[in-house]
Amino acid sequence: TQSTWGEFRNLVLDPSKWTISKGGEEIADVANRIEDEEYAQYVKGAYELPTCAVDTGALAMLRQPFHLSKILANTGFAGASGAAETDAPAICKDADDEVFTLFVMRYEYCNLFHTMTDWFNTLQTLLALKVSAATPVRVVWIDGHAKGFLDKPWSEMFGPTQYLSEIVSRTCFARGAFVSAGYTAAINQHIGIETTCRSIPGILDFARFVLSSYGLSPHDPWSELTARGAEAKRLRVTVLARKDYIAHPRNMGGFTTRKLSNCEEIVAGLRAEGFDATCYVFTDFDYGQQLRIIAATDLLIGMHGAGLSHALFLPPHAALLELCEKGL
């Protein structure tokens, strides 16, 4: 995997050296905005590491995946040729050394699966750098995406969030890390890569982390069934349906594919056979509500798509029935 991260101390950001959309806008207010406007355009010195000297020759040979390469190319280092005089040391004296800042670039920010890859890499970065659970964490999104329904879970799992555009003056961040793109995450490596791995390292810890962020415990596989008592004999079946909705500015028609047109009919048939079945359109629920439904599900049924990423948070005894369109 190309997954990596960049740890830093005393990183100075200069907002005069980038352009980017504001981020967090209502979708209707930025309808049809092109995606390129939501990614920063930098000039040299947008990022500064005034206390870090490097071998510029070796640095030029270093290749980083996705946005990390652009950030590295526009970072100024102490002693580098052409480096400008800076007041960074004075700025960094006032930086909050208690807060660990994570810089995250989200690409497919309104897709559940790809957002989960971002969450996975963010957690792995914290674990790899041994950031304790007691350390306050802040997330800076180095993108300018419009408001999305998967924005809120970031603060519920990691800590307060802000957009790059909210940095309006030269600012020093005492310590933190750049998180690798979700495309490099271990949970994304089943796509286009041959592997003999039967289990993804860290995947169960990730599932426990997400569930515990919402007060849900996966530690006892049978605890939920036991609590249900006699009701446990009626298996709970969750059937996921999809409807048209506007997720981002480039799909203002809100058209969604792979819809399950007869969800209620399926549920009626399952109930007739004694199952406790319910049809859900998850875009009608916030993420915490979705997880609570999944954590109490014995059988999950749905069309092929990102929504079935919820299978990771099913109880250990549960099963998944994935439906596919003919020819898919």
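See the structure shown above.
The rules behind the values
- Residues numbered from 1 in each chain as written.
- Predicted model: local features only at pLDDT ≥ 70, side-chain atom pairs only at ≥ 80, totals over all residues.
- Heavy atoms only, no water.
- Helix = DSSP H or I, 4+ residues; strand = E, 2+ residues; numbered from the N terminus.
- Buried < 20%, exposed > 50% of the residue type's maximum accessible area, 1.4 Å probe, protein only.
- Contact = heavy atoms within 4.5 Å.
- Areas by Shrake-Rupley, 256 points an atom, 1.4 Å probe, with all protein chains shown as cover.
- Phe/Tyr/Trp six-rings, centres within 6.5 Å; stacked < 30°, edge-to-face > 60°.
- Lys NZ or Arg CZ within 6 Å of the ring centre and 35° of its normal.
- Salt bridge = Lys/Arg side-chain N within 4 Å of Asp/Glu carboxyl O.
- Patch = residues over 30% accessible without salt bridge, like charges linked within 9 Å, V, L, I, M, F, W, Y side chains within 5 Å.
- Lys, Arg positive; Asp, Glu negative; His and termini not counted.
- Charge placed at Lys NZ, Arg CZ, Asp CG, Glu CD.
- Axes fitted to C-alpha atoms, helices over the stretch in contact; angles between N-to-C directions.
- Parallel < 35°, antiparallel > 145°, perpendicular 65-115°, else oblique.
- Nonpolar A, V, L, I, M, F, W, Y, C, P; charged D, E, K, R; others polar.
- Core = buried A, V, L, I, M, F, W, Y, C linked by side-chain atoms within 4.5 Å.
- Disulfide = S-S within 2.5 Å.

(A) Structural context of the overall build of the protein chain. When its secondary structure is counted, the protein chain shows 9 helices and 13 strands. Relative to its 328 residues, the protein chain shows a buried fraction of 46%. At a minimum sequence separation of 6, the contacts of the protein chain that also span at least 24 residues come to 76%. Looking at the protein chain as shown, the accessible area adds up to about 16700 Å², and 54% of this sits on carbon and sulfur atoms.

(B) Examining the packing of aromatic side chains more closely. Taken as a whole, this structure holds 24 aromatic pairs when the rule is applied. Aromatic pair Trp119 and Tyr287: ring centres 5.2 Å apart, planes at 65°, arrangement edge-to-face. One end of the pair, Trp119, is in helix α4 (residues 112–128); the other, Tyr287, is in helix α9 (residues 287–295), and 168 residues separate them in sequence. Here the two residues Trp119 and Tyr287 agree in accessibility, since each one is buried. In textbook terms, an aromatic cluster arises when at least three aromatic residues are bridged by ring pairs, as seen for Trp119, Trp141, Trp154, Phe158, Tyr163, Phe209, Tyr214 and Tyr287. The cationic tip of Arg106 hangs over the ring face of Trp141; the distance from NZ or CZ to the ring centre is 3.9 Å.

(C) Focus on the pattern of salt bridges. Going through the model one piece at a time under the given rule, you end up with 15 salt bridges. Linking Asp14 and Arg170 is a salt bridge whose minimum nitrogen-to-oxygen distance equals 3.8 Å. With a gap of 156 residues between them, Asp14 in the loop between β1 (5–13) and β2 (18–19) and Arg170 in the loop between β8 (161–163) and β9 (171–179) connect regions that are remote in the sequence. Note on Asp14: relative accessible area 7%, which makes it buried. The salt bridge partner of Arg106 is Asp151, with a shortest N-O separation of 3.0 Å. Residue Arg106 is located in the loop between β6 (100–104) and α4, and its partner Asp151 is located in the loop between β7 (137–141) and α5 (152–157); the two are separated by 45 residues in the primary sequence. For the pair Arg106 and Asp151, a shared accessibility class is recorded, and that class is buried.

(D) Just unusual backbone geometry, in detail. Even without glycine at this site, Asn32 takes up a positive phi of about 70°. You can call Asn32 exposed: its relative accessible area is 57%. The residue Lys130 is not glycine, and still its phi comes out positive at about 55°. Take Lys130: it is sitting in the loop between α4 and β7. According to the relative accessible area criterion, Lys130 is exposed, its value standing at 73%.

(E) Structural detail: a negative patch on the surface. On the surface, a cluster of negative charge is made up of Glu35, Asp36, Glu37 and Glu108. Residue position: Glu108 is located in the loop between β6 and α4.

(F) Structural detail: the packing of α4 against helix α6 (residues 203–213). Contact geometry of α4 with α6 gives a least axis separation of 11 Å together with a crossing angle of 100°. The angle between α4 and α6 places the two elements in the roughly perpendicular class. For the pair formed by α4 and α6, the contact residues are Met116, Trp119, Phe120 and Leu123 on the first element and Ile203, Asp205, Phe206 and Phe209 on the second. Grouping the constituent residues of the contact of α4 with α6 by class yields 7 nonpolar, no polar and 1 charged.

(G) Main features of the nonpolar core. The biggest cluster of nonpolar side chains holds 46 residues, and the ones touching the most others in it are Trp119, Phe158, Phe206, Tyr287 and Phe313. Those elements that place two or more of their residues in this core are β6, α4, β7, α5, β9, α6 and α9. Ranked by residue count, the leading element in this core is α4, at 7 residues. Ignoring any residue separated from it by four or fewer positions in sequence, one finds Phe158 in contact with Trp119, Thr122, Leu123, Leu126, Val137, Val139 and Phe209. Core analysis: the second largest hydrophobic core is formed by 23 residues, Tyr42, Ala46, Leu68 and Ile71 among them.

(H) How the structure looks around the state of the cysteines. Enumeration over the complete set of coordinates arrives at 1 disulfide. The residue that forms a disulfide with Cys263 is Cys279, at a sulfur-sulfur distance of 2.0 Å. Looking along the S-S bond of the Cys263-Cys279 disulfide, the torsion reads about 125°, which is the right-handed sense. One end of the pair, Cys263, is in helix α8 (residues 263–272); the other, Cys279, is in strand β11 (residues 276–281), with 16 residues separating them in the sequence. The exposure class assigned to Cys263 is buried, which follows from its relative accessible area of 4%.

The quantities given are spatial measurements derived from coordinates; they are silent on function.
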